[in-house]
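The primary structure of each chain is shown beneath.
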Amino acid sequence: MQPAFAPPPNRQGLQITDPIESVRFALYTPEQSPLRASDPADFRFPVDAAVELETNRVEIPKNTGIYIRTQGGTLTENFSVTDGSTTVPPGAYNLELNTAPMKLYLAVESGVSIEARNQSIILNFDEKTPLRVGARSFHEQPAGTITISDQIEDVMRAVSLFGSALKTTSPERSFPTLRGHPPLIEYGDEFSAPDGIERPDTGVTLVLPRERAVTYAATPLACYLGAKVVPGEYPRLVADEFERSLTSSTGFEHAVANTLRQVFFLDCLTRTEGYYRVELHERKQVEPLVDLDFAALYEASFTERLEAYLSIPFETLEPYIPDWHLTTDVVPTSDNVKCLPFVANDLSLVRCPPKPTTRTVRSQPKPLSEFYRSDFVRGGDDAGSVNDIVQPDPSESIEHAWIGDGYPLGSNKTTIESCRRRIERTAPDDSNIQIHVVCNDEQMKEEGIVNESYGFRDFLEFDVDISYDLTTDELAELFAQPIDFVHYIGHVDDQGIQCSDGYLDAKTLDTVRTRAFLLNACRSYEQGMALVETGSQGGVVTLSEIANVSATKVGRALARLLNIGFSLRTGLEIAKNEILTGYRYITVGDGGMALVQCESGCPMHLRVEHRQDDLFEVDIVAYSSRTHGIGCLFHPYFDEERTQYLNSGVLDSWVVSKETLSEYLDCGVLPITTGNGLYWSDKITVDCLDSSS
């Protein structure tokens, strides 16, 4: 389903809607122009649908950078909000907006002036003129399904075709929108692949031992390099006459992960010589340390570029490579081969742990002033122990997922079925985001105010309902509705989810259409997993008893984080830091899903520390998302500099004045962490941050 165009409901102009991602964006004009269909092929970059209107002025109702290119693709101007204004002479231009919730291009033949004004960007043309608008959804679909037998050689042949999803083999493939989704994998009698799924001719081969764990761990690298995967005695990368061992003192998985990180990172630096000539922070840091001619590398062949990249010691680059966004532990069973297209699409680092080890989750002390969300808290040190909870090895990435048996402590338990629901999602019945808060305990009704944390945002409306004391039939009926998010507050025990007339066991449900959920109750992991297995895409659950005050803090924080575009996984990472026992919350299913697009492109939060007088030290932490994945650019807008950053992890630290920080906090709703906890930019002043930090 393609993006749709219509006049906005309350003003003149154009509203663009992506029905699959449930997002909207508007461009306002002085008067309403008739909308005419336009040919998407007329745009320099790929778009799914296009429309034409006539106007002399466009208001973009948010701050955004704009790339201005000629029709031939040459970058003429890179407008930043900190520029204030800029003008280009009459000509034929393509304008690319940086932070829209879909890829958005404007084509016009005119002189163009751009001005930042009151949290909006104004485009003025020389006169009333035709304006073509093209949109491309961030939603990606695999090109087909590869059938394999259970032989490891067939797995290697399938992974060899993952590179078919690359939309380019240039360094620009480090942008997530130019990588595409690899084909799916299913089992059959013999190997077969649909016509048209072909590996790009990159000249790269990965030689790997005939082992599932080795092949699984190498999959994202093979996909990104468009490499052919073949069996061999020892693991190595071969590119024409160049060869590199994939063994190291820290093991094969580290060697593969570091190779992927290094090649990807240097692609991000090299692409600044192409269509996106930006001042990149990471390039400024690295360029003096390496003997690389980035302009020549951009024009070099794939294998020449790869050899030059890998000539640099990883240790030289490591301090400057952004924190990787995701590590996925994949238990190397034959069935888990079906998850490989999704971890490759995520560009996740992959580890293959042996048989999971279990541990006991020990119950927290029970303060006299609190009660637990459980009707059967047992005494003793081993209260609440669970035998199927696993403890993954620590990872250095921002997020962590687990594909295999057991429930991973402090992580995201992902399933193949929930991965597939990413691509099976269809347009919702209602374009509004449907949220339902359920409070099924009299003593917890105060927490029902979390419904106030789900609110209205420009271009995207939330319908929020709240119910108290639902019966088992009513709760079952609610889960059967196509609701975007159910926030349950109450009790869960061995019988199921507590209702006013008994317990609903989610394992008995035939239909679950709720897209995502939070079961904010003790030991809710089995009930949450049952919802995922029956039809939900993902949710947040607990592994043990949770004190009521702690659960309320996490629930309220998570609600606000989801409301501003954080995914289940990244939102929980911040929310659970509100309490010492936050590791007992995990995501199940597709933890990377988000209810809404983040208005700033990628979610971020600030870490603020008061230095002295009117000065504050501010760290910006950025998170890649499903729509703005790793490799996207981020402009912090903290000063007059035009420098941009790669969007994963702690971007940098700035020392700023009270006035500068106050202006920044006025730009939107942001989570802020200080030494004393979590705050919100729309609920706290800089003076309060001064005292809290």
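Residues numbered from 1 in each chain as written. Predicted model: local features only at pLDDT ≥ 70, side-chain atom pairs only at ≥ 80, totals over all residues. Heavy atoms only, no water.

### What to know about the overall build of the chain
Working step 1: Scanning the chain for helices and strands turns up 15 helices and 40 strands.
Working step 2: Viewed in the frame of its principal axes, the chain has a C-alpha envelope of about 75 × 65 × 55 Å.
Working step 3: Expressed as a percentage of the 693 residues in the chain, the buried residues total 61%.
Working step 4: For the chain, the accessible surface area stands at approximately 26900 Å², while carbon and sulfur atoms represent 44% of it.
Working step 5: Of note, the chain has its 59 positive side-chain charges centred 1 Å away from the centre of its 103 negative side-chain charges. (Helix = DSSP H or I, 4+ residues; strand = E, 2+ residues; numbered from the N terminus. Buried < 20%, exposed > 50% of the residue type's maximum accessible area, 1.4 Å probe, protein only. Areas by Shrake-Rupley, 256 points an atom, 1.4 Å probe, with all protein chains shown as cover. Lys, Arg positive; Asp, Glu negative; His and termini not counted. Charge placed at Lys NZ, Arg CZ, Asp CG, Glu CD.)

### Focus: the side chain of Thr414
Working step 1: Its place among the elements puts Thr414 in the loop between strand E24 (412-413) and helix H9 (416-424).
Working step 2: Look at Thr414 and you get buried, because its relative accessible area is 9%.
Working step 3: A polar contact is formed between the side chain of Thr414 and the side chain of Asn412, at a distance of 3.3 Å.
Working step 4: Discounting residues that sit within four places of it in the chain, Thr414 has contacts with Ala401, Trp402, Ile403, Cys419 and Gly589. (Polar contact = N/O pair within 3.5 Å; in protein donor to acceptor, adjacent residues only side chain to side chain. Contact = heavy atoms within 4.5 Å.)

### A look at unusual backbone geometry
Working step 1: The backbone phi angle of Asp469 is positive, close to 55°, even though this residue is not glycine.
Working step 2: With respect to the secondary-structure elements, Asp469 resides in the loop between strand E26 (462-468) and helix H10 (472-479).
Working step 3: For Arg523, which is not a glycine, the phi torsion comes out positive at approximately 45°.
Working step 4: Looking at where Arg523 falls in the secondary structure, it is placed in the loop between strand E31 (516-520) and helix H11 (525-534).
Working step 5: A relative accessible area of 14% means that Arg523 is categorised as buried.

### Let's talk about the sheet that holds strand E20 (residues 349-351)
Working step 1: If you trace the 10 strands from one edge of the open sheet to the other, you get E20-E19-E22-E24-E33-E32-E31-E27-E25-E26, paired in mixed fashion. For this open sheet the edge positions go to E20 and E26, each flanked by a neighbour on one side alone.
Working step 2: Sheet topology note: the strand E25 (residues 433-439)/E26 ladder contains 7 bridges and is parallel. By the bridge assignment for E26, His436 is matched with Asp465.
Working step 3: Helix-sheet contacts for helix H12 (residues 548-563) involve E26, strand E27 (485-489), E31, strand E32 (538-542) and strand E33 (585-589), and the interaxial angle to E31 is about 165°. (Pairing = 2+ DSSP bridges. Axes fitted to C-alpha atoms, helices over the stretch in contact; angles between N-to-C directions.)

### Some points on the packing of aromatic side chains
Working step 1: The tally for this structure, following the rule as stated, stands at 9 aromatic pairs.
Working step 2: With a centroid separation of 5.0 Å and an interplanar angle of 85°, the aromatic rings of Tyr67 and Tyr276 are classed as edge-to-face. Pair noted here: Tyr67 is in strand E6 (residues 66-70) and Tyr276 is in the loop between helix H3 (252-270) and helix H4 (281-286), with a separation of 209 residues, a long-range link.
Working step 3: Exposure remark for Tyr276: the relative accessible area of 8% places this residue in the buried category.
Working step 4: Consider the rings of Phe264 and Trp324, whose centres lie 5.4 Å apart with planes at 80°: the pair is edge-to-face. (Phe/Tyr/Trp six-rings, centres within 6.5 Å; stacked < 30°, edge-to-face > 60°.)

### Regarding the pairing of strand E39 (residues 671-674)
Working step 1: As defined by bridge partners, strand E34 (residues 604-612) adjoins E39 across 2 bridges and the pair is classed as parallel. Bridge pairing in E39 links Arg607 to Thr673.
Working step 2: Across 4 bridges, the pairing between E39 and strand E40 (residues 677-680) is antiparallel. Within E40, the residue paired with Thr673 across the bridge is Leu678.
Working step 3: Adjacent in sequence and paired antiparallel, E39 and E40 are bridged by 2 residues.

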